[in-house]
Amino acid sequence: MVSDRRLGPLPVPSLGLGCMGLNWAYGPADRDESIATVRRALDLGVTFLDTADVYAVGENERLVGEAIAGRRDEVTLATKFGILADPATGYPTGKVDGSPEYARRSIDASLGRLGVDHVDLYYLHRPDPATPIEETVGAMAELVAAGKVRHLGLSEASAGTLRRAVAVAPIAALQSEWSLFSRDIEESVVPAAREHGVGLVPYSPLGRGMLTDSSVRDLASNDFRRNLPRFAEGALEENLALVEQVREVAKRRGATPAQVALAWLLAQGDDVVPIPGTKRRTYLEENLGARDVALDADDVAALSSLVATGNRTGDMTWVNRDTASRS
């Protein structure tokens, strides 16, 4: 896959690979298959890889580092910092540290786990309400100057936070949840990003698996989706009824629901680069078929009319975030 899209000045393929689920959050995983999936992604030109230090308390970065060993030059590598994890449970504490000191410590730790001397895109995983975004981004810009980071990104920032950030340093990408079932960023965040030439990286573009053919009715006990409003009893049934409408479009186009959901996102603009996650080579290859799905205007309009039941996360203060004002 050629680098046919851009996140600001950063060339990337039209689809990336979200690596979180390789060994964290989505139930049991097979390490060998996860590594094979990353390597198969590179073989197929899916060279934009996304991880974070909080995923499996650093073990996700280590896995990605192992998978890309010897192939670093092929990879556009993104990681994130800021969300604090409980080492005992491996899950986020609900706290964020966007302090300059933490940014400096975090990049060195991530580079060590990944086994690389720089990352191509470094995100603040969530804006820290207690730290002015200007201070965080200023420290991140120092990492660019030091050669440890090539480009900067924000994740789940509000439009106002993004505008304050770009006044300090160039921001290449804004990563937020965006899918047929998660549309809230379209109101103000997407316009703000486009106003400043910031690329858009939708995570969970398949509705956390709901927009695929895989079953979401019988989740593993340690699958975090059990705690999401859209997967709760009642809401799940209503949302799966909407998936049937996606399936109807898929039938007309000779595609799968997952491919249609990704094609819808790709149709939103050339500055949109979804990062569907998977831990299996089969689903990776299926997702790539989205590039060949041609949706017409009626398809896009019909899909855009779908409205999911339930918030995309249990705590909506965790998304579209603002920070303290700079004194």
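Heads up: the structure comes first, above all this text.
Not measured: the values here are computed from a predicted model. (Residues numbered from 1 in each chain as written. Predicted model: local features only at pLDDT ≥ 70, side-chain atom pairs only at ≥ 80, totals over all residues. Heavy atoms only, no water.)

The next thing to look at is the environment of Pro13. Mapped onto the elements, Pro13 comes out in the loop between β2 (10-12) and β3 (17-18). Judged by relative accessible area, which is 0%, Pro13 ranks as buried. Between the C-alpha atoms of Pro13 and Arg163, which are 150 residues apart in sequence, the distance is 26 Å. (Helix = DSSP H or I, 4+ residues; strand = E, 2+ residues; numbered from the N terminus. Buried < 20%, exposed > 50% of the residue type's maximum accessible area, 1.4 Å probe, protein only.)

Looking only at helix α9 (residues 281-288), the buried set comprises Leu284, Glu286, Asn287 and Leu288. On its buried side, α9 packs onto β3, α1 (31-43) and α8 (257-266). (Contact = heavy atoms within 4.5 Å.)

Counting buried residues in strand β11 (residues 199-203) gives 5 out of 5 residues, a clear majority hidden from the surface. Both faces of β11 are covered, namely the face carrying Gly199, Val201 and Tyr203 and the face carrying Leu200 and Pro202. Bridge count between strand β10 (residues 173-177) and β11: 5 bridges; the pairing is parallel. Counterpart to Ser176 in the pairing with β11 is Pro202. For the handedness criterion, the β-α-β arrangement of β10, helix α6 (residues 189-195) and β11 is classed as right-handed. (Pairing = 2+ DSSP bridges. Right-handed = clockwise from strand over helix to strand, strands pointing away.)

With phi around 55°, Ala56 is a residue other than glycine that occupies positive phi space. Position of Ala56 relative to the elements: it lies in the loop between β4 (48-50) and α2 (59-68). Although it is not a glycine, Arg208 adopts a positive phi angle of roughly 55°. You can see Arg208 is positioned in the loop between β11 and α7 (235-253).

Attention shifts here to the nonpolar core. If you look at the biggest cluster of nonpolar residues, it comprises 83 residues, and the most contacted ones within it are Leu49, Ile68, Leu77, Val119, Leu154 and Leu303. At 8 residues, α8 tops the list of elements feeding residues into this core. Leave out the neighbours within four places in its chain, and Leu77 touches Leu49, Val64, Ile68, Arg72, Leu114, Val116, Val119, Asp120 and Leu121. In this structure, Leu10, Ala172, Ala173 and Tyr203 belong to the second largest nonpolar core, which totals 13 residues. (Core = buried A, V, L, I, M, F, W, Y, C linked by side-chain atoms within 4.5 Å.)

To continue, consider the sheet that holds β3. The 7 strands lie next to each other as β3-β4-β5-β8-β9-β10-β11, forming an open sheet whose pairing is parallel. At either margin of the open sheet sits one strand with a lone partner, and together these are β3 and β11. Across 3 bridges, strand β9 (residues 149-155) lies against β10 in parallel orientation. Within the sheet, the bridge partner assigned to Ser155 lies in β10 and is Gln175. Of the strands in this sheet, β5 (76-81), β8 (119-124) and β9 touch helix α4 (residues 133-145), which is tilted by about 155° from β9. (Axes fitted to C-alpha atoms, helices over the stretch in contact; angles between N-to-C directions.)

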